[in-house]
Amino acid sequence: MHTVSGGEVAGILVAVFWAILVSFLAVALARLAQTLKATTKLVADVTDQAVPLLSDASTAVRSAQTQIERVDAIASDVQEVTSNASALSTTVASTFGGPLVKVAAFGYGVRRAISGRKDDDMPAKTPRRTVIVGRAVSRGRGKKD
């Protein structure tokens, strides 16, 4: 019979543990390879979908730029119309404003003069009175009795 020494037993144990470690590493590497394959496929799919999306986005940005240029042109036209309307308003106010105020003042003066003559020709009216709970109140212009 052959007896096994302590060094041989230790060598066998190390060989068994080494084999187990290599098996675990082989399984881990196989799973890592599968993950890398799936990641490569995913990146390829994303790239295939991203290129048309970027093209559409570029088209949309160009269209928006065109619309912004149109709005800018419209805004400048509106600003020009506004300044023209302001100038026209100032011109009309300065041309007709003064004479219209004078005509209105003259008309007011004529009405005051005519109404003043009528008041002088007519006899004075007596103010109307209203009785409220035993007290007389005048309806004239703030006059109290």
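Since the model is a prediction, treat every value here as computed from it, not as a measurement. (Residues numbered from 1 in each chain as written. Predicted model: local features only at pLDDT ≥ 70, side-chain atom pairs only at ≥ 80, totals over all residues. Heavy atoms only, no water.)

### Some remarks on the overall build of the chain
Within the chain, the regular secondary structure consists of one helix and two strands. Starting at the N terminus, the α and β elements of the chain follow one another as α-β-β. When the 145 residues of the chain are sorted by exposure, 1% land in the buried category. Accessible surface computed for the chain: about 13400 Å², of which carbon and sulfur atoms make up 67%. (Helix = DSSP H or I, 4+ residues; strand = E, 2+ residues; numbered from the N terminus. Buried < 20%, exposed > 50% of the residue type's maximum accessible area, 1.4 Å probe, protein only. Areas by Shrake-Rupley, 256 points an atom, 1.4 Å probe, with all protein chains shown as cover.)

### Structural notes on the confidence of the model for the chain
Confidence in the prediction for the chain averages 83 pLDDT; 79% of positions are at 70 or higher. Confidence, read as mean pLDDT per element, is least for strand β2 (residues 135–138) in the chain (55) and greatest for helix α1 (residues 6–121) (89). (pLDDT = per-residue confidence, 0-100.)

### Side note on a nonpolar patch on the surface
A surface patch of nonpolar side chains, about 790 Å² in accessible area, is lined by V4, V9, I12, L13, V16, F17, I20 and F24. Considering the arrangement of structural elements, one finds V4 in the segment before α1. Residue class for V4 comes out exposed when judged on its relative accessible area of 52%. (Patch = residues over 30% accessible without salt bridge, like charges linked within 9 Å, V, L, I, M, F, W, Y side chains within 5 Å. Salt bridge = Lys/Arg side-chain N within 4 Å of Asp/Glu carboxyl O.)

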